[in-house]
Amino acid sequence: MKALIVIDVQNDFCPGGKLAVADGDGIVAPINAMMGDFDAVVLTQDWHPSDHLSFASNQGGEAFSTIKMPYGAQVLWPDHCVIGSDGAAFHPALNTAHADMVIRKGYNPAVDSYSAFFENDHVTPTGLAGYLRERVITDLTFVGLATDFCVAWSAIDAVKEGFSATVIQSACRAIDLDGSLDAALSAMRDAGVRLDA
Ligand code: VGL
Ligand code: ZN
């Protein structure tokens, strides 16, 4: 069984949003078109409280700079995907009616959560792996935003959890901060993620 995992196709990651990814909305139509090819569709939603530690505004720091946290490096971001805000809503053209499951992540104010499987401490699970296993799903295809952060971390964790993972690059867009896209593509290749055009 195979699932399409649609990462963070939310207003704040699309043009006009708080952490806009270039052409982030350009992937909505292709993602909608592929949903019918899968046994299950899972949507993830970045979902932060306003006091989240990843917000530069809460650290007195510069957006897009990096600080150290007990669990590792943390990029400081503009406030984004605040729980219940318009920015946290899915892009209005995304076919959410087709989703079997919506999984939210990043609601712990003290830990970021790029991956759909684990918080950035790499140990606190979101529950997604258990859901997929119970549905006997083995093959995962990743699309969405952003290639070099939440898509990459999710796909790498998927392989660690024993799933096969493919990223369809044409249905993803990247933030590309200081070479982060190339680094993420290499890390995915090294981890055994299949990268499709
Ligand atoms: C993401 C940065 C901060 C993403 C989420 O969805 O890739 N990036 N929060
Ligand atoms: Zn976030």
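A brief report on the enclosed structure follows.

1. Side note on the coordination of the zinc ion (ligand 2)
Next, step 1: Within the first shell, the zinc ion (ligand 2) binds the protein through D46 (OD), H48 (NE2) and H80 (NE2), at distances of 2.0 to 2.2 Å.
Next, step 2: For the zinc ion (ligand 2), the 4 donor atoms are set out with angles of 87 to 169° between them, so the coordination reads as irregular.
Next, step 3: Spacing between the donor residues of the zinc ion (ligand 2) along their common chain follows D-x1-H-x31-H. Here D46 is found in strand β2 (residues 40-46), whereas its partner H80 is found in the loop between β4 (72-75) and β5 (101-105), with 34 residues between them in sequence. H80 carries the same exposure label as D46, and that label is buried.

2. Topic: the pattern of salt bridges
Two side chains of opposite charge can pair, provided their charged atoms sit close to one another.
Next, step 1: Scanning the model with the defined rule gives 7 salt bridges in all.
Next, step 2: Of the charged contacts in the structure, one is a salt bridge between D23 and R173, with a shortest N-O distance of 2.9 Å. Of the two residues, D23 is situated in the loop between β1 (2-7) and α1 (28-34) and R173 in strand β7 (residues 164-173); the sequence distance between them amounts to 150 residues.
Next, step 3: Overall, D23 belongs to the partly exposed group, its relative accessible area being 40%.
Next, step 4: With relative accessibility at 21%, the residue R173 sits in the partly exposed group.
Next, step 5: The partner of D100 in a salt bridge is R135, with the nearest N and O atoms 2.7 Å apart. With D100 in the loop between β4 and β5 and R135 in the loop between α3 (128-134) and β6 (139-145), the pair connects residues that are 35 residues apart, well separated along the chain.
Next, step 6: According to the relative accessible area criterion, D100 is partly exposed, its value standing at 38%.
Next, step 7: Taken together, the shared-partner salt bridges in this structure form one network comprising D8, D46 and K105.

3. Quick look at the packing of helix α4 (residues 147-160) against helix α5 (residues 180-191)
Next, step 1: It is the contact of α4 with α5, at a shortest axis distance of 10 Å, that shows an interaxial angle of 10°. Viewed along their axes, α4 and α5 adopt a mutual orientation that is roughly parallel. Each of T147, D148, F149, A152, A155, I156 and V159 in α4 lies in contact with α5, whose residues at this interface are S180, L181, A184, A187, M188 and A191.
Next, step 2: Of the residues that constitute the contact of α4 with α5, the class distribution is 10 nonpolar, 2 polar and 1 charged.

4. Examining unusual backbone geometry
Next, step 1: A cis geometry characterises the amide bond from L145 onward to A146, with omega recorded as -10°.
Next, step 2: Position of A146 among the secondary structure elements: in the loop between β6 and α4.
Next, step 3: The residue H122 is not glycine, and still its phi comes out positive at about 65°.
Next, step 4: Checked against the element boundaries, H122 lands in the loop between β5 and α3.

5. Here's the deal with the site of ligand 1
Next, step 1: Every residue close to ligand 1 is listed here: D8, F13, L19, D46, W77, H80, Y114, L145, A146, F149, C150 and I175.
Next, step 2: One nitrogen or oxygen atom from the main chain of L145 is found 3.2 Å from an oxygen atom belonging to ligand 1.
Next, step 3: Considered on its own, ligand 1 offers 260 Å² of accessible surface; in the complex 100% of this is hidden by protein.
Next, step 4: Of the residues that constitute the shell around ligand 1, the class distribution is 9 nonpolar, 1 polar and 2 charged.

Conventions and cut-offs
Residues numbered from 1 in each chain as written. Chains lettered and ligands numbered in written order. Predicted model: local features only at pLDDT ≥ 70, side-chain atom pairs only at ≥ 80, totals over all residues. Heavy atoms only, no water. Donors = N, O, S within 2.8 Å, 3.2 Å for Na, K, Ca; no water. Tetrahedral: all angles 85-135°; square planar, octahedral: opposite > 155°, others 65-115°. Helix = DSSP H or I, 4+ residues; strand = E, 2+ residues; numbered from the N terminus. Buried < 20%, exposed > 50% of the residue type's maximum accessible area, 1.4 Å probe, protein only. Salt bridge = Lys/Arg side-chain N within 4 Å of Asp/Glu carboxyl O. Axes fitted to C-alpha atoms, helices over the stretch in contact; angles between N-to-C directions. Parallel < 35°, antiparallel > 145°, perpendicular 65-115°, else oblique. Contact = heavy atoms within 4.5 Å. Nonpolar A, V, L, I, M, F, W, Y, C, P; charged D, E, K, R; others polar. Near = heavy atom within 4 Å. Polar contact = N/O pair within 3.5 Å; in protein donor to acceptor, adjacent residues only side chain to side chain. Areas by Shrake-Rupley, 256 points an atom, 1.4 Å probe, with all protein chains shown as cover.

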